[in-house]
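If you want the building blocks of each chain, they are given just below.
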Amino acid sequence: DNHDIISLKLYQLTVERTPEEEKRDREVFLPVVDNLKLPGMEAPLEPMSGLALFLIVFFSLVAIVFAIVIGIIVYNKWQEQSRKHFY
């Protein structure tokens, strides 16, 4: 991989400065990242409304019942096929 160095920030640690100079040049010596979003620090999600929760539960139950009915039909067909092998 090729990487380009775009910029460098260098800090001199042994500088004697007056309080006015420190106030004026504070950004140079104290880098800050105000807009940094840390992983896992997202804003909490809004709770679901009653209608959304009802619809999710309703359609989940419908899907479970549908899967059970399909399973029963497949099982009955399999039993019929297995009975025919013995005759």
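Just so it is clear, the structure is predicted and the values come from calculations on it, not from any experiment.

Draft legend 1. Geometry of the overall build of the protein chain. Looking only at helices and strands, the protein chain has three helices and zero strands in total. Each helix and strand of the protein chain, ordered N terminal to C terminal, gives the series α-α-α. Looking at the protein chain residue by residue over its 87 residues, the buried ones come to 1%. Accessible surface, the protein chain: about 9500 Å² in total, of which carbon and sulfur atoms supply 64%.

Draft legend 2. Geometry of the packing of aromatic side chains. Summed over all chains, the structure comprises three aromatic pairs. Seen in terms of ring centroids, Phe54 and Phe58 are 6.0 Å apart; in terms of plane orientation they differ by 20 degrees. Their pairing is stacked. Here the residue Phe54 and the residue Phe58 both occupy positions in helix α3 (residues 50–84), the gap between them amounting to four residues, near one helical turn. Overall, the relative accessible area of 39% leaves Phe58 in the partly exposed class. The interplanar angle of 35 degrees and the centroid separation of 6.0 Å between the aromatic rings of Tyr75 and Trp78 together place this pair among those described as tilted. A residue pair is termed a helical-turn pair when its members lie 3 or 4 positions apart in one helix, as Tyr75 and Trp78 do in helix α3 at three residues.

Draft legend 3. Expanded view of the confidence of the model for the protein chain. Here the protein chain shows a mean pLDDT of 79. Residues at 70 or above account for 71%. Taken element by element, the predicted model of the protein chain shows its lowest mean pLDDT in helix α2 (residues 26–29) (58) and its highest in α3 (91).

Draft legend 4. Molecular detail of a nonpolar patch on the surface. Where nonpolar side chains cluster on the molecular surface, the patch consists of Met48, Leu53, Ile56, Val57, Leu61, Ile64, Ile68 and Ile72 and spans about 760 Å² of accessible area. Relative to the assigned elements, Met48 resides in the loop between α2 and α3. Residue Met48 is classed as exposed on the basis of its relative accessible area, which comes to 53%.

Criteria and cut-off values
Residues numbered from 1 in each chain as written. Predicted model: local features only at pLDDT ≥ 70, side-chain atom pairs only at ≥ 80, totals over all residues. Heavy atoms only, no water. Helix = DSSP H or I, 4+ residues; strand = E, 2+ residues; numbered from the N terminus. Buried < 20%, exposed > 50% of the residue type's maximum accessible area, 1.4 Å probe, protein only. Areas by Shrake-Rupley, 256 points an atom, 1.4 Å probe, with all protein chains shown as cover. Phe/Tyr/Trp six-rings, centres within 6.5 Å; stacked < 30°, edge-to-face > 60°. pLDDT = per-residue confidence, 0-100. Patch = residues over 30% accessible without salt bridge, like charges linked within 9 Å, V, L, I, M, F, W, Y side chains within 5 Å. Salt bridge = Lys/Arg side-chain N within 4 Å of Asp/Glu carboxyl O.

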